[in-house]
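# Observations on the model geometry
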Amino acid sequence: QMTREQYILATQQNSLPRTEHPQFYPVGIYGWRKRCLYFFVLLLLVTMIVNLAMTIWILKVMNFTVDGMGNLRVTKKGIRLEGISEFLLPLYVKEIHSRKDSPLVLQSDRNVTVNARNHLGQLTGQLTVGADAVEAQCKRFEVRASEGGKLLFSADEDEIVIGADRLKVTGTEGAVFGHSVETPHIRAEPSQDLKLESPTRSLVMEAPRGVQVNAAAGDLKATCRKELHLQSTEGEIFLNADTIRLGNLPVGSFSSSSSSSSSSPSSSAPRQTIYELCVCPNGKLYLSPAGAGSTCQSSSNICLWS
């Protein structure tokens, strides 16, 4: 326990006035540190304002909306692009459609290539549109009509099929075929001539049931450099016309008796001389006056009026 004297001494010491001055310590940032802090706060505020302004400007320029951005619109049926769009990386889509009132244009500075692949990723078809040519690599290439889907053209490794009603060649040189051509009908334009020509080789027309050449409103002309052969292996060659003319045939010799009788002065009216068309064993034809002095040695002859 504390004694009375100790208690009095303790209370007296506490009650004595203090003569020492108290020391105060400042709390906070002062001086150059305070100026630097205000500068950084002001710089941060300016940066935030500029960033907000740039964000609003980008949203306005890029035309950001709830449905999309710019020319891109997200709809229930897919994505819709309006105007010109450029893709720098590959684009994977299922279908591409244009607007009903405008065509679909695919443009490239080099080539436009469309590839088709199977489920294994192997290339099965390719269409390349270049500056010099249009190339298609596939097993079968088909061109069909817009109405009805009629086959107009198809090509594969075995054959080429042209399904149009009429094949028209407008080139000045016509159509050139390196090998045989099979067709049931060849016809020219109504006001043009049909010409089948082989400048350096022979021209052969074959058909198992006959070849028919018809010129309904014009002449039919067959010209060759050396020989023209008309051959029938099992039938006959039938010439049916109002007039059959064989020009530039040589005239055979005849006897003087037939000549003197035909040129007697007693005959006042002009007479028509009868010539025979003679066929020699070697196949040559010539004309000979009819009479006993004829030099025709063939058993077959045709009498024509000259």
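Under an unreviewed UniProt entry, the name given to the protein is Zeta-sarcoglycan, and the organism recorded is Nipponia nippon. Database annotation for the protein, UniProt heading Sequence similarities (unreviewed entry): "Belongs to the sarcoglycan beta/delta/gamma/zeta family."

## Considering the overall build of the protein
Looking only at helices and strands, one finds 3 helices and 12 strands in the protein. Looking at the protein as a whole, 5% of its 306 residues qualify as buried. Long-range pairs, those at least 24 residues apart, make up 19% of the contacts in the protein between residues at least 6 apart in sequence. For the protein, the accessible area works out to roughly 30100 Å², and carbon and sulfur atoms hold 54% of it.

## A short note on the environment of Thr113
Among the secondary structure elements, Thr113 is positioned in strand S4 (residues 112-117). Given a relative accessible area of 39%, Thr113 falls into the partly exposed group. For Thr113 and Gln126, which are 13 residues apart along the polypeptide, the C-alpha to C-alpha distance reads 7.0 Å. Excluding residues within four positions of it along the chain, Thr113 makes contact with Gln126, Leu127 and Thr128.

## Digging into the UniProt feature "transmembrane region" (unreviewed entry) in the protein
Here the UniProt feature "transmembrane region" (unreviewed entry) sits at residues 37-59. Overall, residues 37-59 shows 100% helix and 0% strand. The separation of its end C-alpha atoms is 33 Å.

## Some remarks on the packing of aromatic side chains
In the structure shown here, the tally under the stated rule is 2 aromatic pairs. Relative to Phe40, the ring of Phe39 has its centre 5.8 Å away and its plane inclined at 65°; by these criteria the two rings are edge-to-face. Taking relative accessible area as the criterion, Phe39 reaches 52% and is therefore assigned exposed. Geometrically, the ring pair formed by Phe141 and Phe153 is edge-to-face, given 6.5 Å between the ring centres and 65° between the ring planes. Remark: Phe153 occurs in strand S8 (residues 151-155) and Phe141 occurs in strand S7 (residues 141-144); sequence separation between them is 12 residues. What makes Phe141 partly exposed here is its relative accessible area of 33%. Judged by its relative accessible area of 29%, Phe153 is partly exposed.

## Here's the deal with the side chain of Thr128
For Thr128, the location among the structural elements is in strand S5 (residues 123-129). Residue Thr128 is classed as buried on the basis of its relative accessible area, which comes to 16%. The residues touching Thr128, leaving out its near neighbours within four places in the chain, are Asn111, Val112, Thr113, Ala133, Val134 and Glu135.

## Side note on the pairing of strand S6 (residues 134-137)
Relative to S6, S5 runs antiparallel, the two sharing 4 bridges. Counterpart to Leu127 in the pairing with S6 is Ala136. Between the end of S5 and the start of S6, which pair antiparallel, lie 4 residues.

## A few points about the pairing of S7
Bridge count for S7 against S8 is 4 bridges, and the pairing is antiparallel. By the bridge assignment, Val143 is partnered in S8 with Phe153.

## Quick look at the pattern of salt bridges
As enumerated under the stated definition, the model contains 5 salt bridges in all. The salt bridge partner of Asp165 is Lys150, with a shortest N-O separation of 2.8 Å. Residue Asp165 is found in the loop between strand S9 (160-162) and helix H3 (256-262), and its partner Lys150 is found in the loop between S7 and S8; the two are separated by 15 residues along the sequence. A relative accessible area of 75% means that Asp165 is categorised as exposed. Judged by its relative accessible area of 38%, Lys150 is partly exposed.

Reading the values: rules and limits
- Residues numbered from 1 in each chain as written.
- Predicted model: local features only at pLDDT ≥ 70, side-chain atom pairs only at ≥ 80, totals over all residues.
- Heavy atoms only, no water.
- UniProt positions renumbered as here; feature names shortened; annotations may be inferred.
- Helix = DSSP H or I, 4+ residues; strand = E, 2+ residues; numbered from the N terminus.
- Buried < 20%, exposed > 50% of the residue type's maximum accessible area, 1.4 Å probe, protein only.
- Contact = heavy atoms within 4.5 Å.
- Areas by Shrake-Rupley, 256 points an atom, 1.4 Å probe, with all protein chains shown as cover.
- Phe/Tyr/Trp six-rings, centres within 6.5 Å; stacked < 30°, edge-to-face > 60°.
- Pairing = 2+ DSSP bridges.
- Salt bridge = Lys/Arg side-chain N within 4 Å of Asp/Glu carboxyl O.

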